[in-house]
Amino acid sequence: MDVRKSFGDHVILDGLTLDVAEHEVVALIGASGSGKSTLLRCVNLLEEIDDGTITLDGDEITDPRANPDAVRQKIGLVFQSYNLFPHMTVLDNITLAPVRVHKRPAAEAKEQAMTWLDRVGLTAKASAYPDRLSGGQQQRVAIVRALVNNPRLLLLDEVTSALDPELVGEVLTMIRDLKGEGMTMVLATHEMGFAKQVADRVAFLDGGKVLEQGPPAQVLGDPVEARTRQFLARIIEAGRL
Amino acid sequence: MLLAALSTAVVGTLLAVGITGAPGWDRVKTSFFDPDAAVEYLPEILTGLWLNIRLLVVCAALALTLGLVVAVLRTLRGPVFFPVRALATGYTYSFRGLPLIIVIYLYAFGIPGLRLQGTPDVLVLGAAAIIVTYGAYLAEVFRAGIESVHPSQIAAARSLGLSYRQAMRHVVLPQAVRRVAPPLLNDTVALQKDVGLISLAGPIDAIRAAQIGVAQDANFTPYIVAGVLFVLLALPLIGVTDWVTLRAARRQNAGS
């Protein structure tokens with residue numbers, strides 16, 4: 001992808017270029033406002049880009065003639081604030097898209113959802129409403145909700161940032177398992193330790209560009225760019241690495 | 001509890017003494033509270049009330065539908081929908097300002113004046129006036145509800161591949177309607193008495209029937225009878241409104 005995005009005069013993404021291979025996990029790091037979330041929202045077409053192109057499997061998804069709903073069916077997005085639908089049970093949250101968008105029979109969608117809930121240990125919560133779940137449980141349901149669409153690409157937007165520290169682990173474990181299954185993922189994160197473990201590649205965003213990218217050990221351990229060093233120094237100072 | 005009962009009794013007694021002790025009470029009693037007149041006109045008023053009830057059900061259903069449609073139209077984004085938005089906005093602005101009585105007159109007497117083929121009768125025209133006026137209020141209530149649903153909910157729905165329409169239908173509207181159920185019901189309570197204004201256009205509803213009685217005997221008791229019946233009619237709906245409001249408040253407190 002190669003994108004440029006601005007809100008008014010404020011340029012958020014400035015000719016950013018990033019390629020993600022199949023089964024690859026790319027972690028986006030960078031300060032707040034560096035464009036991580038905006039980039040993910042652009043890929044999911046929730047934000048329109050001003051210039052450039054984004055392609056998925058060789059198809060240009062930013063083509064104005066492309067149907068954004070069809071594109072989003074192939075790309076899952078998980079939000080920092082979970083965004084479960086509060087008026088629906090956990091099960092209904094998960095089966096909404098399979099039934100309404102993919103037109104699968106309700107029974108089949110339910111069965112698939114229950115299989116997933118079983119895997120993540122939330123079977124007992126199937127008929128509960130989201131406000132009865134902990135943050136970590138809600139976020140795991142949100143990830144399952146994205147996965148039942150069988151996306152080609154999963155985007156994770158700081159999925160652990162809103163969680164209490166003791167709940168971060170259960171979500172990260174789930175993401176690690178997904179990597180084991182070959183899911184292609186792009187994740188914006190502040191968890192440097194996790195980025196190091198799970199990512200095949202780390203990309204440091206600064207000023208709307210990918211300033212530096214490479215294997216986690218190199219980018220996080222021995223960065224080339226001065227800005228990256230500064231950023232990581234601040235992270236270490238905050239005790240997050 | 002005892003104190004409350006005592007103070008209520010004192011206030012009640014004072015009120016009763018104040019009114020029945022007034023110099024003109026005997027005159028008022030015979031012209032407003034005449035049991036014979038009440039019994040005589042009750043059947044006609046009840047027949048009229050049946051019309052009010054039917055009107056209420058039809059008007060409430062259609063005004064709610066109209067309000068919901070207009071509210072959704074006002075939320076459509078993009079330049080293509082500008083005329084739709086402008087029309088919907090103009091409608092809610094003008095009909096919330098127009099007194100219902102004037103709308104009823106315009107519809108019931110203005111439209112037949114055009115002498116078009118197939119003009120419906122005044123009952124339908126009067127009902128249409130009520131629906132159009134209340135639709136404007138209800139549209140604003142629905143819109144407030146729709147706007148209270150956080151944009152991240154739409155983002156989440158769209159990210160799953162739902163179309164704007166599906167996101168509205170399955171994610172936004174169910175939450176919006178739940179949140180504004182108390183004010184919607186409250187407007188329906190107001191509607192239940194305002195359907196009585198249809199009497200201005202001629203159909204014999206409870207108020208019109210009472211008016212005929214008043215004109216015949218020069219006694220106001222039939223109005224009191226109709227008034228009491230309207231209050232009785234409203235009580236269940238008011239009860240439901242209070243219950244829903246209480247439940248919504250509890251849920252909000254539990255949620256935060």
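Reading guide: rules and limits
- Residues numbered from 1 in each chain as written.
- Chains lettered and ligands numbered in written order.
- Predicted model: local features only at pLDDT ≥ 70, side-chain atom pairs only at ≥ 80, totals over all residues.
- UniProt positions renumbered as here; feature names shortened; annotations may be inferred.
- Helix = DSSP H or I, 4+ residues; strand = E, 2+ residues; numbered from the N terminus.
- Rg over C-alpha atoms; globule rule 2.2 N^0.38 Å.
- Buried ≥ 20, exposed ≤ 12 C-beta atoms within 10 Å, placed from the backbone.
- Contact = placed C-beta atoms within 7 Å.
- Nonpolar A, V, L, I, M, F, W, Y, C, P; charged D, E, K, R; others polar.
- Core = buried A, V, L, I, M, F, W, Y, C linked by C-beta atoms within 7 Å.
- Domains from an automatic or database assignment.
- pLDDT = per-residue confidence, 0-100.
- Pairing = 2+ DSSP bridges.
- Axes fitted to C-alpha atoms, helices over the stretch in contact; angles between N-to-C directions.
- Expected span 1.5 Å × (residues − 1).
- Arc of directions from axis to C-beta.

Within an unreviewed UniProt entry, the label attached to chain B reads Amino acid ABC transporter membrane protein (PAAT family), and the organism entered is Actinoplanes lutulentus.

Per an unreviewed UniProt entry, chain A is named Amino acid ABC transporter ATP-binding protein (PAAT family), and its organism is Actinoplanes lutulentus. Of the comments in the UniProt record for chain A, the one headed Sequence similarities (unreviewed entry) reads "Belongs to the ABC transporter superfamily." Checking UniProt for chain A, the heading Subcellular location (unreviewed entry) contains the comment "Cell membrane".

Enquirer: What exactly am I supposed to notice about the overall build of chain A here?
Expert: Looking only at helices and strands, one finds 9 helices and 11 strands in chain A. Taken over the C-alpha trace, chain A has a radius of gyration of 18 Å; the compact-globule value for 241 residues is 18 Å, and the two agree within 12%. With the C-alpha coordinates of chain A rotated into their principal frame, the extents come out at 55 × 45 × 30 Å. A buried classification covers 43% of the 241 residues belonging to chain A.

Enquirer: Just checking my understanding: could you explain the overall build of chain B for this structure?
Expert: Summing up its helical and strand segments, chain B has 10 helices and 0 strands in all. Going from N to C terminus, chain B has its helices and strands arranged as α-α-α-α-α-α-α-α-α-α. Taking 2.2 N^0.38 as the reference for a compact globule, 256 residues should give roughly 18 Å; the C-alpha atoms of chain B span a radius of gyration of 23 Å, well beyond that estimate. Across the 256 residues that make up chain B, the buried fraction comes to 31%. Summarising the internal contacts of chain B: among those between residues at least 6 apart in sequence, 75% fall at separations of at least 24.

Enquirer: Explanation requested: the interface of chain B and chain A in the structure shown.
Expert: Bring the parts together and some accessible area is lost; that lost area is often taken as the interface size. Contacts between chain B and chain A engage 17 residues on the former and 19 residues on the latter. Elements with a contribution of two residues or more to the side of chain B that touches chain A: helix 7 (151–159) and helix 8 (164–194) of chain B. Residue composition of the side of chain B that touches chain A, by class: 6 nonpolar, 9 polar and 2 charged.

Enquirer: How should I be thinking about the nonpolar core in this particular structure?
Expert: Nonpolar side chains tend toward joint burial in soluble globular proteins. Residues Leu 28, Ala 195 and Val 202 of chain A together with Cys 59 and Phe 142 of chain B are the most contacted members of the largest nonpolar core, which totals 105 residues. Two domains each put at least three residues into this core: domain 1 (1–74 + 152–241) and domain 2 (84–150) of chain A. Look past the residues within four positions of Phe 142 of chain B in its chain and what remains in contact with it is Gly 67, Leu 68, Ala 71, Ala 176 and Val 180 of chain B. Among the nonpolar cores identified, the runner-up in size contains 10 residues, and Tyr 41, Ala 210, Val 225 and Ala 226 of chain B belong to it.

Enquirer: How do you make sense of the UniProt feature "domain: ABC transmembrane type-1" (unreviewed entry) in chain B when you look at a structure like this?
Expert: As recorded in UniProt, the sites labelled "domain: ABC transmembrane type-1" (unreviewed entry) are residues 49–241 of chain B. Between the C-alpha atoms that bound residues 49–241 of chain B the distance is 22 Å, and the span itself is 81% helix and 0% strand.

Enquirer: When you look at the UniProt feature "transmembrane region" (unreviewed entry) in chain B in this model, what are you seeing that I'm missing?
Expert: All names here are of chain B. UniProt tags residues 45–73, 93–110, 122–142 and 220–238 as "transmembrane region" (unreviewed entry). Taken end to end, residues 93–110 comprises 89% helix and 0% strand; its first and last C-alpha atoms sit 22 Å apart. The span residues 220–238 is 95% helix and 0% strand, and its two end C-alpha atoms sit 27 Å from each other.

Enquirer: Any chance you could explain the domain arrangement of chain A here in plain terms?
Expert: All names here are of chain A. Taken domain by domain, chain A holds domain 1 (1–74 + 152–241) and domain 2 (84–150). The straight-line distance from the C-alpha centre of domain 1 to that of domain 2 is 25 Å. Contact residues are listed per partner, giving 10 residues for domain 1 and 10 residues for domain 2. The leading source of residues in the side of domain 1 that touches domain 2 is helix 6 (residues 165–180), at 4 residues. Residues of the side of domain 1 that touches domain 2, tallied by class, amount to 7 nonpolar, 1 polar and 2 charged.

Enquirer: What is the right way to look at the confidence of the model for chain A in this model?
Expert: For residues with low pLDDT, the predicted coordinates do not support detailed interpretation. Averaged over every residue, the pLDDT of chain A is 86; residues scoring 70 or more account for 94%. For chain A, per-element mean pLDDT is lowest for strand 1 (residues 2–7) of chain A, which scores 53, and highest for helix 3 (residues 90–100) of chain A, which scores 93.

Enquirer: Which parts of the structure should I look at to understand the sheet that holds strand 11 (residues 209–214) of chain A?
Expert: Strand-to-strand pairing in sheets goes through backbone hydrogen bonds, with the strands running parallel or antiparallel. Residue and element names in this part refer to chain A. With respect to topology, 6 strands assemble into an open sheet ordered 7-8-9-3-10-11, the strand pairing being mixed. Strand pairing shows two members of the sheet lacking a second neighbour, strand 7 (75–78) and strand 11, which therefore form its edges. Adjacent strand axes in the sheet meet at a mean angle of 20°, parallel and antiparallel pairs treated alike. Taken together, the 5 bridges between strand 10 (residues 201–206) and strand 11 define a ladder with antiparallel strand orientation. Counted as the bridge partner of Asp 206 is Lys 209 from strand 11. Packing against the sheet, helix 5 (residues 135–147) makes contact with strand 7 and strand 8 (153–157), and its axis sits at approximately 170° to strand 7.

Enquirer: For this particular structure, what's the right way to read unusual backbone geometry?
Expert: Apart from glycine, the bulk of residues carry a negative phi angle, and the bulk of peptide bonds sit in the trans form. At Asn 150 of chain A, a position not held by glycine, the phi torsion is positive, near 50°. With 12 C-beta atoms counted inside 10 Å, the residue Asn 150 of chain A sits in the exposed group. Phi at Ala 218 of chain B takes a positive value of approximately 50°, unusual for a residue other than glycine. For Ala 218 of chain B, the position within the fold is in the loop between helix 9 (206–217) and helix 10 (221–255).

Enquirer: For this particular structure, what's the right way to read helix 4 (residues 106–119) of chain A?
Expert: Along an α-helix, a turn takes 3.6 residues, which lines up residues three or four apart on a common side. All names here are of chain A. Taking 1.5 Å as the rise per residue, helix 4 with 14 residues should run 20 Å; its terminal C-alpha atoms sit 20 Å apart, in good agreement. Inspection of helix 4 places Ala 109, Ala 113 and Leu 117 among the buried residues, and these make up the whole buried set. Take helix 4 and look down its axis: the buried residues cluster within an arc of 75°, on one side only. Across helix 4 from its buried face, at more than 90 degrees, point the exposed residues Ala 107, Glu 108, Glu 111, Thr 115 and Asp 118. Packed against the buried residues of helix 4 are helix 3 and helix 5. Where helix 4 terminates, the next one or two residues include Gly 121, which has phi positive at roughly 70°.

Enquirer: Looking at this structure, how should I read the pairing of strand 3 (residues 25–29) of chain A?
Expert: Looking down a regular strand, the side chains alternate between one sheet face and the other. Residues and elements named next belong to chain A. Among the 5 residues in strand 3, 5 count as buried, and that is most of the element. Side chains Val 25, Ala 27 and Ile 29 project from strand 3 onto one buried face, and the interleaved Val 26 and Leu 28 project onto a second face that is buried too. Bridge count for strand 3 against strand 10 is 4 bridges, and the pairing is parallel. Of the residues in strand 10, the one forming a bridge with Val 26 is Arg 201.

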